[in-house]
Amino acid sequence: MTTKREVQETVAYLREKLPYAPEIGLVLGSGLGPLAYELEETVSIPYGDIPHFRTSTAPDHAGRLVCGTLAGKRVLCMQGRLHGYEGWTPEEIAYPVYVMQALGVRALVLTNASGGINTGFAVGDFMLIEDHINMTGKSPLTGPNDEALGSRFPDMTFAYAPDLREKAYAAAQDCGIALQHGVYCGVNGPQFETPAEIRMFHAMGADAVGMSTVFEVIAAAHCGLPVVGIAMITNMAAGVLMQPLSGAEVNEIAMRRGADFRRLITALIGKI
Ligand code: HPA
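Residues numbered from 1 in each chain as written. Predicted model: local features only at pLDDT ≥ 70, side-chain atom pairs only at ≥ 80, totals over all residues. Heavy atoms only, no water.

### Brief notes about the overall build of the protein chain
As a reminder of what qualifies: Put simply, DSSP H or I for four residues or longer makes a helix, DSSP E for two residues or longer makes a strand, and each gets a number counted from the N terminus. Throughout, exposure labels follow a simple rule: accessible area from a 1.4 Å probe, protein chains only, divided by the maximum for the residue type, with under 20% read as buried, over 50% as exposed, and the rest as partly exposed. Contacts were defined at the residue level, with two residues in contact if any of their heavy atoms lie within 4.5 Å. Residue-level accessible areas treat just the shown protein chains as cover; the underlying method is Shrake-Rupley with a 1.4 Å probe. Just so you know, the count uses Lys and Arg for positive and Asp and Glu for negative, and it drops His and the chain ends. Note that the charge is assigned to NZ on lysines, CZ on arginines, CG on aspartates and CD on glutamates.
Check the secondary structure of the protein chain and you find seven helices and nine strands. Here the C-alpha coordinates of the protein chain stretch approximately 50 × 40 × 35 Å along the principal axes. Taken over 272 residues, the protein chain has a buried fraction of 55%. By sequence separation, contacts in the protein chain at least 24 residues apart represent 83% of the contacts at least 6 residues apart. Entry remark: accessible area of the protein chain is about 11,100 Å², with carbon and sulfur atoms responsible for 52%. Taken together, the 20 basic and 28 acidic charged side chains of the protein chain have centroids lying 3 Å from each other.

Rendered as structure tokens:
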């Protein structure tokens with residue numbers, strides 16, 4: 001159970017270290033970490049130094065908080081996130097979201113690498129997350145609830161804030177970057193899905209699949225923090241194209257499309 005008291009301890013530590021109160025939280029997904037280097041006048045703090053934080057072990061996830069300005073906004077960026085497949089609990093994964101909210105962040109921008117299920121998508125596309133299907137069978141809110149953080153039964157209807165989605169479309173238009181939209185299906189991993197699982201997710205209405213995001217969004221809905229999520233389609237999901245998947249492919253595409261992705265996220269942050 002995450003408690004307000006723990007969150008306040010973390011916040012007290014970070015207020016000492018950070019140059020100012022951040023306005024926007026940003027979580028960088030697999031292969032997207034280089035965006036943190038575009039922040040100006042940064043202060044970075046390794047997760048290992050922060051009370052109650054856990055450290056990411058996933059390849060390519062630096063594992064630190066970077067605070068600086070991007071598009072003129074004060075941004076607190078998680079360069080590297082925690083995943084369930086590393087052995088972290090949903091509660092541990094979601095913890096930084098409560099910290100960002102308590103620090104005064106007014107919007108959370110989540111990014112991730114995903115497999116495309118919608119056959120109208122192509123590798124390298126960006127997808128605005130309109131909604132999600134949590135297929136992990138888990139929730140960060142399992143167990144006793146601290147009412148000081150949020151209500152027992154949070155509403156998920158507008159978890160992906162409609163006004164922020166509009167800003168994402170406007171940012172994409174300004175950048176001349178095409179933005180797909182759809183439903184994100186969150187799974188535990190670390191194995192990629194079977195083709196039969198992907199056919200099931202497709203039948204359920206999912207457009208993309210990935211191993212992150214859903215716990216952070218649930219926590220954000222719990223503590224009332226508006227979210228906007230953008231997925232990079234780094235590969236077509238298993239069985240969509242009859243060819244094997246690899247983690248190396250995910251990172252290669254993330255690198256190749258990284259510059260456009262950084263432009264899009266920067267333009268979005270400028271509008272929030
Ligand atoms: N499945 C799950 N997670 C992913 C994928 C995928 O195909 N691609 C990138 N992350």
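### Quick look at the pattern of salt bridges
Quick note on the threshold: We count a salt bridge whenever a side-chain nitrogen from Lys or Arg sits within 4 Å of a carboxyl oxygen from Asp or Glu.
In the structure shown here, the tally under the stated rule is nine salt bridges. Here Arg262 and Glu38 are joined by a salt bridge, their closest N and O atoms 3.2 Å apart. Of this pair, Arg262 sits in helix 7 (residues 258-271) while Glu38 sits in the loop between strand 1 (24-28) and strand 2 (40-46), and the two are 224 residues apart along the sequence. Classification of Glu38 as partly exposed rests on a relative accessible area of 38%. For Asp260, the salt bridge is made with Arg257, and the minimal N-O distance between the two is 2.6 Å. One connected set of salt bridges, linked through shared partners, spans Arg257, Asp260 and Arg263.

### Examining the site of the ligand
Where we set the bar: When at least one non-hydrogen atom of a residue lies within 4 Å of a molecule or strand, that residue is treated as near it. Pairs of N or O atoms within 3.5 Å make up the polar contacts considered here, provided that, within protein, one atom can donate a hydrogen while the other can accept it, and that residues adjacent in sequence are counted only when both atoms are side-chain atoms.
Near the ligand, the surroundings consist of Ala113, Ser114, Gly115, Phe192, Glu193, Val209, Gly210, Met211, Thr234, Asn235, Leu245 and Val250. A distance of 3.2 Å separates a nitrogen atom of the ligand from a polar backbone atom of Ala113. Interatomic distance of 3.3 Å between a backbone N/O atom of Gly115 and a nitrogen atom of the ligand. Here the ligand has 260 Å² of accessible area as a free molecule, and 95% of this is covered by the chains.

### Thoughts on the packing of aromatic side chains
Selection criterion: Only the six-membered ring of Trp is used, alongside the rings of Phe and Tyr, when aromatic pairs are assigned; centres must lie within 6.5 Å, and planes under 30 degrees apart are stacked while those over 60 apart are edge-to-face, with the rest tilted.
Under the defined criterion, the tally for this structure stands at three aromatic pairs. For the pair Phe126 and Phe261, a centre-to-centre distance of 5.1 Å together with 55 degrees between the ring planes defines the contact as tilted. Separated by 135 residues along the polypeptide, Phe126 in strand 6 (residues 126-134) and Phe261 in helix 7 bring together distant segments of the chain. Given the relative accessible area of 0%, Phe126 is considered buried. These aromatic residues form a ring-pair network of at least three members: Tyr47, Phe53 and Tyr95.

### As for the nonpolar core
Generally speaking, nonpolar side chains in soluble globular proteins are found buried as a group. Inclusion rule: Note on terminology: a nonpolar core comprises buried Ala, Val, Leu, Ile, Met, Phe, Trp, Tyr and Cys residues joined through side-chain atoms within 4.5 Å.
Leu14, Leu65, Val99, Leu108 and Met127 are the most contacted members of the largest nonpolar core, which has 46 residues in total. Of all the elements in the fold, those that place two or more residues in this core are helix 1 (4-17), strand 3 (64-70), strand 4 (73-79), helix 2 (90-103), strand 5 (107-116), strand 6, helix 5 (214-223) and strand 9 (227-236). The leading source of residues in this core is helix 2, at eight residues. When near neighbours in sequence (up to four residues on either side) are disregarded, Leu108 contacts Gly25, Leu26, Val27, Val97, Met100, Ala220, Leu225, Pro226, Val227 and Val228. Membership of the second largest hydrophobic core comes to 34 residues, among which are Val66, Ala107, Val109 and Ala172.

### Examining unusual backbone geometry
With an omega of 0 degrees, the peptide bond running from Gly189 to Pro190 counts as cis. Even without being glycine, His52 reaches a positive phi, approximately 70 degrees. Its place among the elements puts His52 in the loop between strand 2 and strand 3.

### A short note on helix 6 (residues 247-256)
Basically, it comes down to this: Here the arc refers to the set of directions running from the helix axis out to each C-beta atom.
Taken residue by residue, helix 6 has Val250, Ile253 and Ala254 as its buried positions. In an axial view of helix 6, the angular spread of the buried residues amounts to 105 degrees, which keeps them on one side of the axis. Relative to its buried face, helix 6 has exposed residues pointing more than 90 degrees away, namely Ala248, Met255 and Arg256. Residues of helix 6 that are buried in the fold lie against strand 5, strand 9 and helix 7.

### A closer look at the pairing of strand 6
The line we're drawing: Think of it this way: DSSP has to see at least two bridges between two strands before they count as a pair.
Bridge analysis of strand 6 against strand 9 gives three bridges, and the strand direction is antiparallel. Paired with Met127 across the two strands is Ala231, which belongs to strand 9. Note: strand 6 against strand 7 (residues 180-186), seven bridges, orientation parallel. Each bridged residue has a counterpart across the sheet, and for Asn134 the counterpart in strand 7 is Gly186.

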